[in-house]
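Fold and contact review
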Amino acid sequence: FGITQTGLQDQLLQKVVQFEEREIEERKNKFVQQGAINKARLKQCEDDILNLLSSGTNLLEDEEVINTLDNSKRIADEIAVKQAEIESSQKICDKTRAKFVPVAQ
């Protein structure tokens, strides 16, 4: 396997920011983790809906289907709001990290 210049710079940038601005790096890591959790929740909702659709029951009369769709919509809306907050906060973190790029190069 090979090591690229960009990969080394990213690792060094992470170490520098972690040393100089620990809170920023911790927030960035938290955002990455929360994003992964959100994606997993959306995937589970999609799987639940697909399972119900493939069951062959009458979708308009099955209360479980209706409840699952309502719940999935609510979860998707919550995640959309959280993702928007994460993205705006990540931009702030990235601006702070960008100040240390010359050190990592």
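Notes on the structure follow. (Residues numbered from 1 in each chain as written. Predicted model: local features only at pLDDT ≥ 70, side-chain atom pairs only at ≥ 80, totals over all residues. Heavy atoms only, no water.)

A count of helical and extended segments in the protein gives four helices and zero strands. Along its sequence from the N terminus, the protein presents helices and strands in the succession α-α-α-α. In terms of C-alpha radius of gyration, the protein reaches 20 Å, well past the compact-globule figure of 13 Å for 105 residues. For the C-alpha atoms alone, the extent of the protein along its principal axes is close to 65 × 35 × 15 Å. Among the 105 residues that make up the protein, the fraction classed as buried is 22%. Contacts in the protein between residues at least 24 apart in sequence constitute 74% of all its contacts with a sequence separation of at least 6. Here the protein has roughly 7,800 Å² of accessible surface; of this, 54% comes from carbon and sulfur atoms. (Helix = DSSP H or I, 4+ residues; strand = E, 2+ residues; numbered from the N terminus. Rg over C-alpha atoms; globule rule 2.2 N^0.38 Å. Buried < 20%, exposed > 50% of the residue type's maximum accessible area, 1.4 Å probe, protein only. Contact = heavy atoms within 4.5 Å. Areas by Shrake-Rupley, 256 points an atom, 1.4 Å probe, with all protein chains shown as cover.)

Looking now at helix 1 (residues 5-20). Counted at 1.5 Å a residue, the expected span for helix 1 with its 16 residues is 22 Å, and the 22 Å between its end C-alpha atoms agrees. Leu-13, Val-16 and Val-17 are the residues of helix 1 that are buried. The buried residues of helix 1 occupy an angular sector of 95 degrees when projected down its axis, which confines them to one face. For helix 1, exposure combined with an orientation more than 90 degrees from the buried face picks out Gln-11, Lys-15 and Phe-19. Buried-residue contacts for helix 1 involve helix 2 (22-53), helix 3 (63-98) and helix 4 (101-104). (Expected span 1.5 Å × (residues − 1). Arc of directions from axis to C-beta.)

Another point: the pattern of salt bridges. Enumeration according to the criterion identifies seven salt bridges in this entry. Residue Arg-97 pairs with Glu-25 through a salt bridge whose shortest N-O separation is 3.3 Å. One end of the pair, Arg-97, is in helix 3; the other, Glu-25, is in helix 2, and 72 residues separate them in sequence. As far as burial versus exposure is concerned, Arg-97 and Glu-25 are alike and both buried. Through salt bridges with shared partners, a single ionic network connects Arg-41, Arg-74 and Glu-78. (Salt bridge = Lys/Arg side-chain N within 4 Å of Asp/Glu carboxyl O.)

With that out of the way, let us pick up the environment of Gly-7. As for its position among the elements, Gly-7 is in helix 1. Separated by 96 residues in sequence, Gly-7 and Val-103 place their C-alpha atoms 15 Å apart.

With that settled, consider a nonpolar patch on the surface. There is a patch of nonpolar side chains on the surface, built from Leu-50, Leu-53 and Leu-59 and spanning about 260 Å² of accessible area. On the secondary structure map, Leu-59 appears in the loop between helix 2 and helix 3. (Patch = residues over 30% accessible without salt bridge, like charges linked within 9 Å, V, L, I, M, F, W, Y side chains within 5 Å.)

What follows deals with the packing of helix 1 against helix 2. Contact pair helix 1 / helix 2: the axes reach a minimum separation of 5 Å and the direction vectors enclose 125 degrees. With respect to their mutual orientation, helix 1 and helix 2 come out oblique. Facing helix 1, whose interface residues are Gln-14, Val-17, Gln-18 and Glu-20, helix 2 presents Arg-22, Ile-24 and Glu-25. Its residues assigned to classes, the contact of helix 1 with helix 2 shows two nonpolar, two polar and three charged. (Axes fitted to C-alpha atoms, helices over the stretch in contact; angles between N-to-C directions. Parallel < 35°, antiparallel > 145°, perpendicular 65-115°, else oblique. Nonpolar A, V, L, I, M, F, W, Y, C, P; charged D, E, K, R; others polar.)

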